[in-house]
Amino acid sequence: MDSHNHYADEILDRASHLRTDETWLTAQFEDEHTLVIPVWRARNLVANQEQPQGVMLPTTRARDLIDAARATVLLGIRNDVAHFAVDISPLEEHDVCGIHDDSEFVDLRSVGPVMDRSEASILAYAKGIMYWHARHEFCGSCGHPTEIREAGHLRKCTNPECGALHFPRTDPAVIMLVAKDDRALLGRKAEWMEGMYSTLAGFVEPGESLEQAVAREVMEEAGVKITNIRYHSSQPWPFPSSLMLGFYADALNEDFHRNDDELEDLQWFTRQELADGGAGIAKRPRSDSIARRLIDEWILQE
Ligand SMILES: [Zn+2]
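Just so it is clear, the model here is predicted, and its values are computed rather than measured.

Caption draft 1: How the structure looks around the overall build of the protein chain. Check the secondary structure of the protein chain and you find 8 helices and 16 strands. Taking the principal axes of its C-alpha atoms as reference, the protein chain extends roughly 60 × 50 × 35 Å. The burial tally for the protein chain puts 36% of its 302 residues in the buried class.

Caption draft 2: Expanded view of the sheet that holds strand β8 (residues 146-149). On the basis of which strands lie adjacent, the open sheet formed by 3 strands has the order β8-β9-β10 and antiparallel pairing. Of all strands in the sheet, those bounded by a partner on one side alone are β8 and β10 (165-166). As judged from the 2 bridges shared by strand β9 (residues 154-157) and β10, these two strands associate in the antiparallel manner. Residue pairing for β10: Arg155 is matched across the bridge by His166.

Caption draft 3: Summary view of the nonpolar core. Residues Ala85, Ala126, Met176, Val178 and Val218 are the most contacted members of the largest nonpolar core, which totals 72 residues. If you tally residues by element for this core, the top one is helix α5 (residues 117-134), at 10 residues. Taken domain by domain, this core gets at least three of its residues from each of domain 1 (16-135) and domain 2 (171-299). Ignoring any residue separated from it by four or fewer positions in sequence, one finds Ala85 in contact with Ile37, Val39, Val73, Leu75, Ala126, Ile129 and Met130.

Caption draft 4: Expanded view of the environment of Leu266. Along the chain, Leu266 falls in strand β16 (residues 265-270). For Leu266, a count of 19 C-beta atoms within 10 Å puts it in the partly exposed group. Beyond its immediate chain neighbours, meaning those up to four positions away, Leu266 contacts Leu185, Gly187, Ala222, Phe256 and Arg258.

Caption draft 5: Spatial organisation of the domain arrangement of the protein chain. Domain annotation of the protein chain identifies domain 1 (16-135) and domain 2 (171-299). Placing the centre of domain 1 and that of domain 2 at their C-alpha centroids yields a distance of 33 Å. Looking at which element gives the most residues to the side of domain 1 that touches domain 2, the answer is α5, with 5 residues. Its residues assigned to classes, the side of domain 1 that touches domain 2 comprises 4 nonpolar, 2 polar and 2 charged.

Caption draft 6: How the structure looks around helix α6 (residues 210-222). Compared with an ideal rise of 1.5 Å per residue, which puts 13 residues at 18 Å, α6 spans 18 Å between its outermost C-alpha atoms and is within 8% of the ideal. In this structure, the buried residues of α6 make contact with β11 (171-180), β12 (183-188), β13 (200-203), β14 (226-237), β15 (242-251) and β16. Immediately downstream of α6, the backbone of Gly223 shows phi near 65°, a positive value.

The rules behind the values
Residues numbered from 1 in each chain as written. Predicted model: local features only at pLDDT ≥ 70, side-chain atom pairs only at ≥ 80, totals over all residues. Helix = DSSP H or I, 4+ residues; strand = E, 2+ residues; numbered from the N terminus. Buried ≥ 20, exposed ≤ 12 C-beta atoms within 10 Å, placed from the backbone. Pairing = 2+ DSSP bridges. Core = buried A, V, L, I, M, F, W, Y, C linked by C-beta atoms within 7 Å. Domains from an automatic or database assignment. Contact = placed C-beta atoms within 7 Å. Nonpolar A, V, L, I, M, F, W, Y, C, P; charged D, E, K, R; others polar. Expected span 1.5 Å × (residues − 1).

So this is what it looks like as structure tokens:
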């Protein structure tokens, strides 16, 4: 089984020391090897819907996009080639439909699971940071416009009285497989695919440790007390801006009750029931999710 979660196959050197090197940055836009990754209204440009590939354009074919971009971000370097993301959301749909042959702007969620994993990771990074830019055009402290600094990794308030610095944010969320002996506690939301059950999850609150967040969410959603909380792995999940932190935990009680309206149903499932692909009992979550990995590895843990 792969040691990394989907969207976490980082192949770019983020080269943070070059983000303030204006001479180097200018030279990259003149370099025809430099690659430009367009993001349009939270969608990524993907070619070949049969075997989807992220489109990365050489600067020679991306001049108009660079000029039209409302945000440009240095993602990093690979094999001495700089990779920049550009948010071209101000362009109208008819302007962006012919950017590249046999390609279109799509929701990464629709193609991510079947894409090359390192390519999907770059697209996720581009999408995630542009989501942040789009929501920080104005200072959260004084309301004045902000401007981009450090090759897209900082926004600074233009009000001289304020000058607040705003750094890209990601929202930590805990996701946990709670087990008791041979059974795992999974829930489902009404809007999910029919028959699908997944691990419990929720956002970390201010003033809370990850372990406290795990215990609180399980208590809130299921009324179950847990112990032996073990960290598993993490996954960037830019849908729109989460960092998923995966855990295993043991339940102290089997009886449960749904305490909130978030879940439509909650059930204990055995390894066999889940291993059979549900066998009509419970469908597992999407293949690119950390939830799926937590479940699949737990099935093998016997
Ligand atoms: Zn301000």
